[in-house]
Amino acid sequence: MTDQAHVRLTSLEKHFGAFQALKDIQLSVEKGEFCALLGPSGCGKSTLLRLIAGLEEATSGRIEIAGRDVTMLEPSDRQIAMVFQSYALYPHMSVAENIAFSLEAAGVPKAKRLAKAAEAAALLQLDQLLDRKPAALSGGQRQRVAIGRALVRDPQVFLFDEPLSNLDALLRVQMRIELSNLHRQIGATMIYVTHDQVEAMTMADKIVVMSAGQVQQVGTPMELYDNPANRFVAGFIGNPAMSFLNVAALPPALRPAGAQEVGIRPEHVQLTAPDAPLHGSVRLVERLGNQTLIHVETPAGPVCAQAPGHATARLGETVGLALEPGRAFLFDATGHRV
Ligand code: ATP
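Residues numbered from 1 in each chain as written. Predicted model: local features only at pLDDT ≥ 70, side-chain atom pairs only at ≥ 80, totals over all residues.

### Here we look at the packing of helix α2 (residues 95-105) against helix α3 (residues 110-123)
For any two helices packed against each other, the geometry comes down to the angle between their axes and how far apart the axes lie.
Move 1: Viewed as axis vectors pointing N to C, α2 and α3 meet at an angle of 125 degrees, and their least axial separation amounts to 9 Å. When the axis of α2 is compared with that of α3, the two are oblique. Our pair here, α2 against α3, has a crossing hand that is right-handed. Together, Val95, Ala96, Ile99, Ala100, Leu103 and Glu104 of α2 and Arg113, Leu114, Lys116, Ala117, Ala120 and Ala121 of α3 make up the contact between the two elements. (Axes fitted to C-alpha atoms, helices over the stretch in contact; angles between N-to-C directions. Helix = DSSP H or I, 4+ residues; strand = E, 2+ residues; numbered from the N terminus. Parallel < 35°, antiparallel > 145°, perpendicular 65-115°, else oblique. Left-handed = near helix turned anticlockwise from the far one by under 90°. Contact = placed C-beta atoms within 7 Å.)

### Some words on the site of the ligand
Move 1: Surveying the vicinity of the ligand reveals the residues Phe16, Phe19, Ala21, Gly39, Ser41, Gly42, Cys43, Gly44, Lys45, Ser46, Thr47 and His195.
Move 2: Those elements that place two or more of their residues in the shell around the ligand are β2 (19-30) and α1 (45-53).
Move 3: When its residues are assigned to classes, the shell around the ligand shows four nonpolar, seven polar and one charged. (Near = placed C-beta within 6 Å. Nonpolar A, V, L, I, M, F, W, Y, C, P; charged D, E, K, R; others polar.)

### With respect to the domain arrangement of the chain
Move 1: On domain assignment, one finds that the chain holds domain 1 (5-228) and domain 2 (243-331).
Move 2: Of note, the centres of domain 1 and domain 2, computed from C-alpha atoms alone, are 40 Å apart. (Domains from an automatic or database assignment.)

### Looking at the sheet that holds strand β14 (residues 279-287)
Move 1: Strand order in the open sheet made by the five strands is β13-β17-β14-β15-β16, with antiparallel pairing throughout. In this open sheet, the two strands that pair with only one neighbour each are β13 (269-272) and β16 (301-308). Between one strand axis and the next, the sheet turns by 45 degrees as a mean value, whatever way the strands run.
Move 2: One ladder, built from eight bridges, connects strand β15 (residues 291-298) with β16; its direction is antiparallel. By the bridge assignment for β16, Glu297 is matched with Pro302. (Pairing = 2+ DSSP bridges.)

### Focus on the UniProt feature "domain: ABC transporter" (unreviewed entry) in the chain
Move 1: The UniProt record marks residues 7-237 with the feature "domain: ABC transporter" (unreviewed entry), using the residue numbering of this structure.
Move 2: Taken end to end, residues 7-237 is 36% helix and 27% strand, and its first and last C-alpha atoms sit 25 Å apart. (UniProt positions renumbered as here; feature names shortened; annotations may be inferred.)

### Comments concerning the sheet that holds strand β3 (residues 34-38)
Move 1: Taken together, six strands build an open sheet; the order of strands is β6-β7-β8-β3-β9-β10 and the sheet is mixed. Of all strands in the sheet, those bounded by a partner on one side alone are β6 (80-83) and β10 (214-219). Mean inter-strand twist for the sheet, computed between neighbouring axes without regard to direction, equals 20 degrees.
Move 2: Pairing of strand β9 (residues 206-211) with β10, which is carried by five bridges, proceeds in the antiparallel orientation. Considered in β10, the bridge of Val209 is made with Gln217.
Move 3: This element, helix α4 (residues 139-151), spans β6 and β7 (157-161) of the sheet and lies at about 175 degrees to β6.

### Overview of the environment of Asp161
Move 1: Assignment of secondary structure puts Asp161 in strand β7.
Move 2: Residue Asp161 is classed as buried on the basis of its C-beta count, with 21 C-beta atoms lying within 10 Å.
Move 3: A sequence separation of 30 residues divides Asp161 from Ile191, and the C-alpha atoms of the two residues are 8.6 Å apart.
Move 4: Not counting chain neighbours up to four residues away, the residues in contact with Asp161 comprise Ser46, Leu49, Met82, Phe84, Gln85 and Val193. (Buried ≥ 20, exposed ≤ 12 C-beta atoms within 10 Å, placed from the backbone.)

### Observations concerning the confidence of the model for the chain
Move 1: Of the residues in the chain, 99% have a pLDDT of 70 or more, and the chain-wide mean is 94.
Move 2: As scored by the predictor, the complex reaches a pTM of 0.92 and an ipTM of 0.96. (pLDDT = per-residue confidence, 0-100.)

### Comments concerning α1
Move 1: Listing the buried residues of α1 in full gives Lys45, Ser46, Leu48, Leu49, Leu51 and Ile52.
Move 2: Following α1 by one or two positions, Gly54 has its phi on the positive side, about 90 degrees.

### Describing the nonpolar core
Move 1: Judged by nonpolar contacts, the single largest core of 83 residues is most densely connected at Ala36, Ile191, Tyr192 and Val208.
Move 2: Split by domain, the residues of this core number at least three in each of domain 1 (5-228) and domain 2 (243-331).
Move 3: Apart from residues lying up to four places away in sequence, Ile191 is in contact with Val7, Val29, Cys35, Leu37, Leu49, Ile52, Val157 and Leu159. (Core = buried A, V, L, I, M, F, W, Y, C linked by C-beta atoms within 7 Å.)

### Comments concerning the environment of Thr10
Move 1: Assignment of secondary structure puts Thr10 in strand β1 (residues 5-16).
Move 2: Beyond its immediate chain neighbours, meaning those up to four positions away, Thr10 contacts Gln26, Gly61 and Arg62.

Right, dumping it as structure tokens:
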């Protein structure tokens with residue numbers, strides 16, 4: 001094999017009885033890459049991660065890790081380590097013991113176990129806390145211990161299943177930065193499940209957008225933002241979300257040929273004079289401090305415009321909308337780009 005794929009999924013499918021949770025998944029993750037599996041609840045991203053881990057059996061298809069076919073191997077034989085959202089630490093064990101636990105089960109001598117635990121703790125800034133019990137740790141520190149447990153096993157691939165979703169908003173931001181730093185320091189292959197596009201956008205080298213058991217698009221964060229493959233990806237990536245206008249209800253001069261819908265991001269919509277061809281009434285004003293989101297009901301559907309922080313708009317007021325030239329995305333009736 002000449003290519004460098006570290007994890008390769010070929011025609012992977014998963015059925016739960018009559019329900020098909022994953023359809024024809026093809027994916028390559030390169031060595032050292034941080035790959036996010038992103039999608040709404042129920043799209044199959046956790047199932048996909050569990051198949052890679054060996055916690056679920058594939059209905060058909062192949063899973064390769066570091067060039068080895070692991071499809072039929074037990075989780076313990078796949079050289080992976082998984083970090084879950086509930087970190088399930090042993091309450092009676094210290095931080096050091098919790099981190100070293102899996103090594104003990106694997107028969108690694110005590111001195112080596114403690115040395116590896118200390119090394120992982122230093123990377124995760126837990127070195128001052130090695131003697132503490134989990135009850136005396138913050139949520140973020142507990143999550144770091146759970147990551148430490150995965151680290152000491154020197155896996156080929158780290159698998160994360162929404163590891164930050166139990167943390168409060170501020171801690172999530174800190175842990176995002178720490179995980180990115182950790183990835184850079186150890187250069188390991190990481191596959192990370194999340195429904196949070198900000199996590200995926202900020203941490204991942206490659207994002208796999210999933211919906212209804214299928215991969216919708218694979219790309220770098222900016223590729224997905226600049227060039228979404230279809231309406232689903234266009235609406236899912238970007239916050240606040242893209243607005244979609246019904247072409248048939250647009251003024252004739254604004255109707256693009258061959259498209260059913262026009263997608264436009266809030267940052268590409270400007271408020272203008274109320275007699276503009278596209279106009280509507282203000283139905284919601286959201287103040288975020290650094291920007292104000294103005295939601296306008298137009299005959300072609302609701303449009304969100306991103307305005308400066310101190311912009312004013314009254315509820316019910318008629319405002320015109322100008323779409324920045326060259327920034328609209330066109331979709332046909334099936335949601336594909338035109
Ligand atoms: P979430 O973010 O809510 O965890 P997800 O994208 O990770 O969602 P999965 O947990 O992978 O979704 O589930 C995908 C689909 O498969 C869902 O419709 C779920 O109900 C179904 N599913 C998962 N596990 C099983 C199971 N053991 N038996 C039957 N159906 C299952």
